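Architecture and fold: a report
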Amino acid sequence: VAHHDVCQAMLGKHQELFADDLKESIVKKSSEQDGWIFSNNWKTAMKALLESEVDLWTRALNDAMRGFGTDENTLTALVCTMPARLRESIFLRYEKRYNT
């Protein structure tokens, strides 16, 4: 929860100083650079740091299950380490976001 509060404050400060959305700035910066520093992995990690816990868990679960087959090891690790306090929120958000 504290992490989310800090990130929201950082998003607000970035908006105040640069009149630009931080998430959009990250995407723009990573698409302008040819070097390895601003790779797709960097962009994904930076955007994940700005997500709420529930959104991050929801996306991680979907990433493990979508595509050609399920990544069973990742899915098992996610389900076994999911915080009990977030389970219902994650379930509801998953249903809403992915229409399941």
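In this text, all values refer to a predicted model and were calculated from it rather than measured experimentally.

Looking at the chain, the pLDDT average stands at 85 and 91% of residues meet or exceed 70. Taking the mean pLDDT of every element in the chain, the minimum, 80, falls on helix α2 (residues 22–32) and the maximum, 95, on helix α6 (residues 87–98).

Let's shift gears to the environment of Leu11. Along the chain, Leu11 turns up in helix α1 (residues 2–18). Since its relative accessible area comes to 15%, Leu11 is described here as buried. Between the C-alpha atoms of Leu11 and Leu22, which are eleven residues apart in sequence, the distance is 6.1 Å. Discounting residues that sit within four places of it in the chain, Leu11 has contacts with Leu22 and Leu50.

For Ser52, the location among the structural elements is in the loop between α3 (40–49) and α4 (53–65). Ignoring sequence-local partners within four residues, the contact set of Ser52 consists of His4 and Arg93.

Definitions and limits used
- Residues numbered from 1 in each chain as written.
- Predicted model: local features only at pLDDT ≥ 70, side-chain atom pairs only at ≥ 80, totals over all residues.
- Heavy atoms only, no water.
- pLDDT = per-residue confidence, 0-100.
- Helix = DSSP H or I, 4+ residues; strand = E, 2+ residues; numbered from the N terminus.
- Buried < 20%, exposed > 50% of the residue type's maximum accessible area, 1.4 Å probe, protein only.
- Contact = heavy atoms within 4.5 Å.

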